[in-house]
Every structure is written in C-alpha cells, then in structure tokens.
Amino acid sequence: MLPRDAIARRLAVVEDRLRRAAAGAGRDPADITLVAVTKTWPAPLVVAAFEAGLRHFGENRAEELAHKRAEVAARLGPEAPIVWHLIGTLQSRKTDLAAANADVFHALDRLKIARRLSRRLVELDRVLPLMVEVNLSGESSKAGLDCRQWETDAAQRQALLDFARAVRDLPGLRPAGLMTMTPWQAPANEARAIFDRTAALAAWLRETLPDAQWRLLSMGMTDDFELAVAAGATHVRVGRALFGERR
C-alpha cells in the first residue's frame, strides 16, 4: 500500500494531466470531479489519500463501500468531508446498503433497482444524486441501457426516455446525468467517439426532459480521462494512476 507522500506525488501528476486536458478544452478544471477509485484497497489507504488531498472516493460494491465508509469515519471522524461514490452495478439485495451509504450513484440501469432504492431512501429521509449508465459500445460485458444506436434508433431513445421519466418521478432519487464506459484498451479515436456520443445524448435528454438537468457526465479512467474531459466529462474515475495496480 502506498504511503501518503507517494499518493500525493501521484495525485500531483494526475491533477496536472487534468488541468492540461481542461485547458485544451477551454474548461475550468474546478468543474471536473476527480473520483479516486479505491475498490479492493483497505481503509488505511483511503485515510492516506484523504490526507494527501483527495475528497471523492469510488467503490464498485455496496458492501465494500459500507464497510470502508464506517472504518474511515472511525479513523477520521464522521464529519470528515468525504464524498462516497458507488460506481459499480448494484444488485437488488444490496440496495439498502447503497441507500444508506452512497452519496452519489453512477450506475443505475434497472427500474427495479431504482424503485427499491427509492423506498429505502424515503425511509432514511435521504436524497441520492445519480447517473444513468448507458452502453454505447454494444459490448455484452458492459452494463447499462442499450444506447449503441441511439441517434438512429427511435426505440432506444424511447426506452431511455421512459426510464428517465420513471426514475425522475421516484421520491428520494435525483437523476443528474449519464455514465458510460469504453471497451477495454479501446483505441483513442473509438474512446473519444463514445465520450462525444454520450455527451450528445445527455444534451438531447436535457432538451427533451428540461425539468431534469442531466448535466453530470461520469466517463473516463486512468488511460483515457483526458479524452473524456475534452468531450465534457464532469466526473473522471481514476484508480491505477493514483494507487498503482489493484491488489
């Protein structure tokens, strides 16, 4: 596990990459949230990363998020200004954990999950900002609503609209944008095309459903987040560049 000083050095490199990408796109880097992906890393690494300056942390599994959030709070205090992002697909039986522990959810793709989350969030008197996960690559291994041909396929657009309206109307949920993933080791031109198309899809949603902002765009990881920033990403999910290869 990396010590705080090593994480701080890596963070400086990542932040420099992010600033350069934002400048190249004519964007303010303050408008882009760096989510440090700490899945499979222990709570002491999160504490070290917090002390190095990171504030947003991403976990793939609801149970790991719940356990780690509690352990980090015990070490840093419950008032430590940490935002916990659930960035992985959520299973039905884990919705209670997500509702109680996630501050932002990046990967909603099923109405059943939305309804279960809503019920529990109402009980907890919480509101959960979320992004709808969309699949533009067409890979069967990727989760998300099928939007691979959204520009030309009216049925795909309608399915997304129906889903978005249903989620918008559920109490406790605050739909705010889209999340997507590119194929593993996708060429730069392919990754950029997916990011651009996702940004265009979010813009179309804003026009079609103006009562929901759809402003957030979670896209881009260690190898391609500069491309995502150029396309308009508001959240980039970076793990390896900050902490090395996962355990």
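Scroll up for the structure.
Just so it is clear, the model here is predicted, and its values are computed rather than measured.

Q: Mind showing me how you'd approach the overall build of the chain here?
A: Scanning the chain for helices and strands turns up 9 helices and 9 strands. Taking 247 residues into account, the globule formula puts the C-alpha radius of gyration at 18 Å, and the chain, at 17 Å, falls close to it. For the chain, the C-alpha atoms occupy an extent of roughly 50 × 45 × 30 Å along the three principal directions. The buried share among the 247 residues of the chain stands at 51%. Looking at the chain as shown, the accessible area adds up to about 11300 Å², and 49% of this sits on carbon and sulfur atoms. Of the side chains in the chain, 36 bear a positive and 31 a negative charge, and the two mean positions are spaced by 3 Å.

Q: So what exactly am I meant to see when it comes to the packing of helix α2 (residues 43-52) against helix α3 (residues 62-76) here?
A: Two packed helices can be described by the angle between their axes and the distance between those axes. At a minimum axis separation of 9 Å, α2 and α3 run at an interaxial angle of 55 degrees. If you check the angle between α2 and α3, you find them oblique. Our pair here, α2 against α3, has a crossing hand that is right-handed. On α3, the residues that touch Ala43, Pro44, Val46, Val47 and Phe50 of α2 are Lys68, Glu71, Val72, Arg75 and Leu76. Across the contact of α2 with α3, the residue classes tally to 7 nonpolar, no polar and 3 charged.

Q: Explanation requested: a positive patch on the surface in the structure shown.
A: On the surface, a cluster of positive charge is made up of Lys112, Arg115, Arg116 and Arg119. Within the fold, Arg115 resides in helix α5 (residues 111-124).

Q: Sorry, what's going on with α3 here?
A: In this model, α3 (15 residues) spans 21 Å end to end at C-alpha, consistent with the 21 Å of a helix rising 1.5 Å per residue. Taken as a whole, α3 has its buried residues at Ala62, Glu64, Leu65, Ala66, Lys68 and Val72. The inward-facing, buried residues of α3 contact α2, β2 (56-59), β3 (83-86) and α4 (95-101). Just downstream of α3, Gly77 is the residue with a positive phi angle, here 100 degrees.

Q: Whenever I open this one, the packing of aromatic side chains confuses me. Can you help?
A: Geometry of an aromatic ring pair is reported as the spacing of the ring centres plus the angle between the planes. Counted according to the given criterion, the structure contains 3 aromatic pairs. An angle of 40 degrees between the planes, with centres 5.9 Å apart, marks the rings of Phe57 and Trp84 as tilted. Here Phe57, found in strand β2, pairs with Trp84, found in strand β3; they are 27 residues apart in sequence, far enough to count as distant. An identical accessibility class is assigned to Phe57 and Trp84; each is buried. Where Trp150 meets Trp204, the ring centres are 6.1 Å apart and the plane angle is 40 degrees; that geometry is what we call tilted. One end of the pair, Trp150, is in the loop between β6 (145-146) and α6 (154-168); the other, Trp204, is in helix α7 (residues 188-208), with 54 residues separating them in the sequence. With respect to class, Trp150 is no different from Trp204; both count as buried. One cation-aromatic arrangement involves Arg55 over Phe50; the distance from NZ or CZ to the ring centre is 3.8 Å.

Q: Help me understand the pairing of strand β9 (residues 235-238) in this model?
A: The two faces of a sheet get side chains in turn, since along a regular strand they alternate between them. Here β9 shows no split at all, with His235 and Arg237 on one side and Val236 and Val238 on the other all buried. Where strand β1 (residues 33-37) and β9 come together, 4 bridges link them in parallel fashion. Following the sheet pairing, Thr33 is matched in β9 by His235.

Q: Please clarify how the pairing of strand β4 (residues 104-108) should be interpreted in this entry.
A: Across the 5 residues of β4, 5 count as buried, placing the element largely inside the fold. Taken together, β3, α4 and β4 constitute a β-α-β crossover, and its handedness is right-handed. When β4 meets strand β5 (residues 128-135), the two strands line up parallel, connected through 2 bridges. Opposite Leu108, over in β5, you have Val132 as the bridge partner.

Q: Explanation requested: the packing of α6 against α7 in the structure shown.
A: Packing of α6 against α7 brings their axes to within 12 Å, and their N-to-C directions diverge by 60 degrees. Judged by the angle between their axes, α6 and α7 are oblique. Considering only the axes of α6 and α7, their crossing is right-handed. Touching Arg157, Leu160, Leu161 and Ala164 of α6 are Leu201, Trp204, Leu205 and Thr208, all from α7. Among the residues forming the contact of α6 with α7, the class breakdown is 6 nonpolar, 1 polar and 1 charged.

Calculation rules
- Residues numbered from 1 in each chain as written.
- Predicted model: local features only at pLDDT ≥ 70, side-chain atom pairs only at ≥ 80, totals over all residues.
- Heavy atoms only, no water.
- Helix = DSSP H or I, 4+ residues; strand = E, 2+ residues; numbered from the N terminus.
- Rg over C-alpha atoms; globule rule 2.2 N^0.38 Å.
- Buried < 20%, exposed > 50% of the residue type's maximum accessible area, 1.4 Å probe, protein only.
- Areas by Shrake-Rupley, 256 points an atom, 1.4 Å probe, with all protein chains shown as cover.
- Lys, Arg positive; Asp, Glu negative; His and termini not counted.
- Charge placed at Lys NZ, Arg CZ, Asp CG, Glu CD.
- Axes fitted to C-alpha atoms, helices over the stretch in contact; angles between N-to-C directions.
- Parallel < 35°, antiparallel > 145°, perpendicular 65-115°, else oblique.
- Left-handed = near helix turned anticlockwise from the far one by under 90°.
- Contact = heavy atoms within 4.5 Å.
- Nonpolar A, V, L, I, M, F, W, Y, C, P; charged D, E, K, R; others polar.
- Patch = residues over 30% accessible without salt bridge, like charges linked within 9 Å, V, L, I, M, F, W, Y side chains within 5 Å.
- Salt bridge = Lys/Arg side-chain N within 4 Å of Asp/Glu carboxyl O.
- Expected span 1.5 Å × (residues − 1).
- Phe/Tyr/Trp six-rings, centres within 6.5 Å; stacked < 30°, edge-to-face > 60°.
- Lys NZ or Arg CZ within 6 Å of the ring centre and 35° of its normal.
- Pairing = 2+ DSSP bridges.
- Right-handed = clockwise from strand over helix to strand, strands pointing away.

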